[in-house]
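In case you want the letters, here they are:
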Amino acid sequence: MELVMIIAIGELILKHGVPAALLILREWDVENPTLEDIEALKLRVPRPETFFRKTTPNEN
Amino acid sequence: MNKLKKRMSVVVVFLVMAIFIMAGCASFTGNAYKTLTTSATVYESTMAAAGDAYKQGLITDEDKAKIISIADKYWTAYHASVIALEVYERTKSTANKSKAEAALVEVSRVYGELLSIIRPLIKKGETSWNS
């Protein structure tokens, strides 16, 4: 994992505290991801524009 | 100050755990998967903060366009990385592993670029909000 990512995680935790740490740790529960787990990653990241709309950004 | 110390200690504990977990994780796919899920979480949080700041009028339309432009590159790099990981997982070839590694590096690089744009804007917004 790149240093920039580790720093970004640290900042996230500084801002949001323990819940952010727990969220990330929960995601790290998957030791041996399957192809389905990897496929599911495609749905994780919404298009950038959705965050600037008035509705909630859960679209892809 | 106590709150800050508590948060700092949480960060330190987490970072130490992260280093041990990453050191202990033998599988390339496992490591790559963790990197991508974490990247997605951090991206969502960062972009949500930018979106909130924009809706509060703390980020201009010009800055919003800048953010979307870089975030678009991140989105593309992230999905390319997921596909590269999927291809590696199906084939287990050395060549595909190298491609997946390169794709992961690109995701981190672009995310760093995105953060360098968003962070000062959000900080500027927080300062405006607090003044």
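Source: prediction; values computed, not measured.

A. Layout of the overall build of chain A. Looking only at helices and strands, chain A features 3 helices and 0 strands. The secondary structure elements of chain A, listed N-terminal to C-terminal, are α-α-α. Per-residue burial over chain A gives 35% buried out of 60 residues. For chain A, the exposed surface amounts to about 3400 Å²; the carbon and sulfur share of it is 60%.

B. Up close: the packing of aromatic side chains. This model, assessed by the stated rule, comprises 6 aromatic pairs over all chains. Centre to centre, the rings of Phe28 of chain B and Tyr88 of chain B are 5.3 Å apart; their planes meet at 90°, and the pair counts as edge-to-face. Taken together, the residues span a long stretch of sequence, with Phe28 of chain B in helix α2 (residues 28-55) and Tyr88 of chain B in helix α3 (residues 61-91) at a distance of 60 residues. One exposure class covers both Phe28 of chain B and Tyr88 of chain B, and it is buried. Note on Tyr74 of chain B and Tyr111 of chain B: the rings are 5.9 Å apart at their centroids and 65° apart in plane angle, and the pair reads as edge-to-face. On the criterion of sequence distance, the pair formed by Tyr74 of chain B in helix α3 and Tyr111 of chain B in helix α4 (residues 94-130) is long-range, its members being 37 residues apart. There is no split in this pair, since Tyr74 of chain B and Tyr111 of chain B are both buried. Among the aromatic residues, ring-to-ring pairing joins Phe51 of chain A together with Tyr43, Tyr74, Tyr78 and Tyr111 of chain B into one connected group. The ring of Trp75 of chain B has Arg47 of chain A sitting right over it, with the charged end atom 4.4 Å from the ring centre.

C. Structural view of unusual backbone geometry. Even without glycine at this site, Lys92 of chain B takes up a positive phi of about 55°. Take Lys92 of chain B: it is sitting in the loop between α3 and α4.

Analysis parameters
- Residues numbered from 1 in each chain as written.
- Chains lettered and ligands numbered in written order.
- Predicted model: local features only at pLDDT ≥ 70, side-chain atom pairs only at ≥ 80, totals over all residues.
- Heavy atoms only, no water.
- Helix = DSSP H or I, 4+ residues; strand = E, 2+ residues; numbered from the N terminus.
- Buried < 20%, exposed > 50% of the residue type's maximum accessible area, 1.4 Å probe, protein only.
- Areas by Shrake-Rupley, 256 points an atom, 1.4 Å probe, with all protein chains shown as cover.
- Phe/Tyr/Trp six-rings, centres within 6.5 Å; stacked < 30°, edge-to-face > 60°.
- Lys NZ or Arg CZ within 6 Å of the ring centre and 35° of its normal.

The analysis is restricted to geometry; functional conclusions fall outside its scope.
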